[in-house]
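One-letter residues, chain by chain:
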Amino acid sequence: MLKQYKLRFYNFRLILFLIAISLIGVTLVGTAAPDLRSKQFAGVVLGIIIMLVLSLMDYSWIMNFQWIMYGFNIIMLIVVRIAGDSANGAARWIGIGSFRFQPTELSKIILIVFFAKFFMDHEETLNTLKTLALSGVLLAVPLFLILEQPDLKNTITVVVIFCIMIYVAGLSYKIIGGALLIAVPLTIGGMFLIIIPLSIIFLSIVVQPDQKLLKDYQRSRIMSFLYPENEEYSDDIEQQNNSKTAIASGELVGKKLSGDDSTTSVNQGNFVAENQTDFIFAVAGEEYGFIGCVIIVLLLLAIAFECIRMSLRAKDLSGRILCCGMGGLIALQSFINICVATGLMPNTGTPLPFVSYGLTSLVSLYIGM
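Residues numbered from 1 in each chain as written. Predicted model: local features only at pLDDT ≥ 70, side-chain atom pairs only at ≥ 80, totals over all residues. Heavy atoms only, no water.

## A word on the overall build of the protein chain
To keep things clear, this is the line we draw: Going along the chain from the N terminus, every DSSP run of H or I of four or more residues is numbered as a helix, and every run of E of two or more is numbered as a strand. Working definition: with a 1.4 Å probe on protein chains only, accessible area under 20% of the residue-type maximum means buried, over 50% means exposed, and in between means partly exposed. It only takes one pair of heavy atoms within 4.5 Å for two residues to be counted as in contact. Only the protein chains shown count as cover for residues, with accessible areas throughout obtained via the Shrake-Rupley method and a probe of 1.4 Å.
Scanning the protein chain from terminus to terminus reveals 16 helices and three strands. In the protein chain, buried positions account for 47% of the 369 residues. Excluding contacts between residues fewer than 6 apart, the proportion of contacts in the protein chain whose partners are at least 24 apart in sequence is 71%. Here the protein chain has roughly 18800 Å² of accessible surface; of this, 68% comes from carbon and sulfur atoms.

What follows is the structure, given as structure tokens:
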């Protein structure tokens, strides 16, 4: 259970990167919402303690409980489906008194651990139809429950991380090529159906009269990204436009360091909603400028790189998959959040790892680390 460590093998560099990015997160959250600074700091302390305790355990021992973790994950997601707390039309939280957490954030970590063990156990038969079908079914159950919340962004995130992990596990290039031949036309067709309303109406009538391919707000976000000049979608693109303006206004060193206390800022003017979570990068750009943004990007890149570097030192395949899964999660969520804040992707509501406010996300990521 407990590992006998030699200190020279302990990855102190990764811990320093995590503490640095987390302290930056506490500072930015405190700037965006001063009343949340203490909660974010408490989340960092709790996350670090849990991380250090788990790091002293052999991950192979933890993975022996893979099916228990998988079952617990399904139970959590079912509870959310039946009795979850709702906000903005989505039931994604479980409330226990004054305590509330989002199971999907922990679910991503559990699925990474579960499939790391699963792929190692089925390494010899990974490219057989039976194993691929079984892994697909095991993935589909939590995916369906996450999608039904509704939570499209995390559904897509889990699928991408799963693809990264199964590739690291040794999936055949023939299967990858075949999957791409199917996925690319489906993606193009899906975009066509989103852009052309008549197609959506027709498909809804023929296939599922009471269902839509996408929720109205999801389609509006995509359309506002594709057609930002269209006044019909001006409300949906406004936040991203304000975010870009805020980042640009920070210039090289930002308003905080230059002494500019302008009230026309994102923070003081409240021009971007949820700037302590989804648009925390806009706060970083405005307050600390280009230099602050670069430091955040480099720290997140360093964390993802350390995960991949450690995968090369892992004692077995499950360790390699686990490291690459976590590295992929950090890199993917960072990429999406920053692209949204800079207008390069439609608004998705993805938090910036270790920086955005959100105790469930923060502690869950520390568990994975």
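## Points about a nonpolar patch on the surface
Put simply, the rule reads: By definition, no residue in a patch forms a salt bridge, and every one has over 30% relative accessible area; like charges are joined within 9 Å, nonpolar side chains (Val, Leu, Ile, Met, Phe, Trp, Tyr) within 5 Å. Whenever Lys or Arg places a side-chain nitrogen within 4 Å of a carboxyl oxygen from Asp or Glu, that contact is recorded as a salt bridge.
Taken together, Leu252, Val253, Leu257, Phe290, Ile291, Val294, Ile295, Leu298 and Leu301 make up a surface patch of nonpolar side chains, about 830 Å² in accessible area. Tracing the sequence through the fold places Phe290 in helix H14 (residues 280–311). Classification of Phe290 as exposed rests on a relative accessible area of 54%.

## Let's talk about the nonpolar core
Selection criterion: Among the buried residues, those of types Ala, Val, Leu, Ile, Met, Phe, Trp, Tyr and Cys that are joined through side-chain atoms within 4.5 Å form a nonpolar core.
Core analysis: the largest hydrophobic core is formed by 82 residues, its most contacted members being Phe115, Phe119, Phe354 and Met369. In this structure Phe115 touches Ser135, Leu138, Leu139, Phe162 and Met165, once residues within four positions along its chain are discounted.

## Comments concerning empty space enclosed by the protein
How we decide: Of the grid points, spaced at 1 Å and generated over the protein atoms alone, those admitting a 1.4 Å probe that cannot get out make up cavities, while open sets with protein on both sides within 12 Å along at least five of seven lines make up pockets; any residue with an atom within 4 Å of a point is treated as lining. Grid points are joined across faces, edges and corners, and a volume is the space filled by probe spheres set on the points. For this classification, Asp, Glu, Lys and Arg are treated as charged, while Ala, Val, Leu, Ile, Met, Phe, Trp, Tyr, Cys and Pro are nonpolar and the rest, including Gly, are polar.
Enumeration over the complete set of coordinates arrives at three cavities of 30 Å³ or more. Elements with a contribution of two residues or more to the lining of the largest cavity: helix H5 (103–121) and helix H7 (152–169). Looking at the lining of the largest cavity, the element that brings in the most residues is H7, giving five residues. Of the residues belonging to the lining of the largest cavity, the class tally is nine nonpolar, one polar and one charged.

## Quick notes on the pattern of salt bridges
Counting across every chain of the model gives eight salt bridges. In this structure, a network of salt bridges that share partners links the residues Arg13, Glu306 and Arg309.

## Examining helix H6 (residues 129–147)
Short version of the rule: To estimate how far a helix should reach, multiply one less than its number of residues by 1.5 Å. Note on bend: the value at a residue is the angle between axes fitted to the seven residues ending there and to the seven starting there.
Taking 1.5 Å per residue as the helical rise, H6 with its 19 residues ought to reach 27 Å, and the 25 Å between its terminal C-alpha atoms agrees with that figure. Along H6, the sharpest change in direction is near 25° and occurs at Ala140; proline Pro142 comes one to four residues later. By the burial criterion, the buried members of H6 are Thr131, Ser135, Leu138, Leu139, Pro142, Leu143, Leu145 and Ile146.

## Quick notes on the packing of H7 against helix H15 (residues 317–341)
In helix packing, the relevant descriptors are the interaxial angle and the interaxial distance, both defined with respect to the helix axes. Operational definition: As a rule, the C-alpha atoms of each element are fitted with a line to give its axis, helices using only the stretch in contact, and angles between N-to-C directions run from 0 to 180 degrees. Left-handed describes a crossing whose near helix is turned anticlockwise from the far helix by less than a right angle; the clockwise case is right-handed.
With their axes 9 Å apart at the nearest point, H7 and H15 run at an angle of 145° to one another. By crossing handedness, the relation of H7 to H15 is classed as right-handed. Of the residues in H15, those in contact with Thr157, Val160, Ile161, Ile164, Met165, Val168 and Ala169 of H7 are Leu317, Arg320, Ile321, Cys324, Gly325, Gly328, Leu329, Leu332 and Gln333.

## Some points on the packing of helix H1 (residues 12–32) against H14
The cut-off we apply is this: Working definition: roughly parallel below 35 degrees, roughly antiparallel above 145 degrees, roughly perpendicular at 65 to 115 degrees, and oblique for all remaining angles.
The interhelical angle for the contact between H1 and H14, taken along N-to-C directions, is 155°, at an axis separation of 10 Å. One element, H1, and the other, H14, form an angle in the roughly antiparallel class. Handedness of the H1/H14 crossing: left-handed. Its residues placed into classes, the contact of H1 with H14 shows 20 nonpolar, two polar and four charged.

## Thoughts on the confidence of the model for the protein chain
Threshold: One confidence number per residue, pLDDT, is output by the predictor and ranges from 0 to 100.
Of the residues in the protein chain, 80% reach a pLDDT of 70 or more, and the chain-wide mean stands at 84. Ranking the helices and strands of the protein chain by mean pLDDT puts H15 first, with 95, and helix H9 (residues 197–206) last, with 49. A low-confidence stretch, residues 203–211 (pLDDT under 50), is modelled with six contacts involving residues beyond four sequence positions or located in other chains.

## Brief notes about the environment of Ile295
For Ile295, the location among the structural elements is in helix H14. With a relative accessible area of 40%, Ile295 lands in the partly exposed category. In this structure the C-alpha to C-alpha distance between Ile295 and Ile24, which are 271 residues apart in sequence, comes to 9.6 Å.

## A word on the packing of aromatic side chains
The description of two aromatic rings rests on the distance between their centres and on the angle between their planes. Definition in use: Two rings from Phe, Tyr or Trp (for Trp, the six-membered ring) form a pair when their centres are within 6.5 Å of each other. A pair whose planes differ by under 30 degrees is stacked, one over 60 is edge-to-face, and the rest are tilted. Charges are assigned to positions over rings by a cutoff of 6 Å between ring centre and Lys NZ or Arg CZ, combined with an angular limit of 35 degrees from the ring normal.
On inspection of all chains with the given rule, the structure shows 14 aromatic pairs. Pairing Tyr10 with Phe12 gives two aromatic rings, centres 5.1 Å apart and planes at 45°, and the pair type is tilted. By the ring-pair criterion, three or more aromatic residues cluster together here, those being Trp67, Tyr70, Phe114, Phe115, Phe118, Phe119 and Phe162. Lys315 extends its terminal NZ or CZ atom over the ring of Tyr59, reaching a point 5.3 Å from the ring centre.

## Re helix H2 (residues 37–55)
This is how the line gets drawn: What the arc covers is the set of directions going from the helix axis to the C-beta atoms.
In this model H2 runs 27 Å from its N-terminal to its C-terminal C-alpha over 19 residues, within 8% of the 27 Å that 1.5 Å per residue would give. Of all the positions in H2, only Gln40, Gly43, Val44, Gly47, Ile48, Met51 and Ser55 are classed as buried. What you see down the axis of H2 is that its buried residues fit within an arc of 135°, all on one side. Those residues of H2 that are buried are in contact with H1 and helix H16 (359–368).

## Overview of the side chain of Ser311
Looking at where Ser311 falls in the secondary structure, it is placed in helix H14. If we skip the residues at most four places from it in the chain, Ser311 touches Arg320, Cys323 and Cys324.

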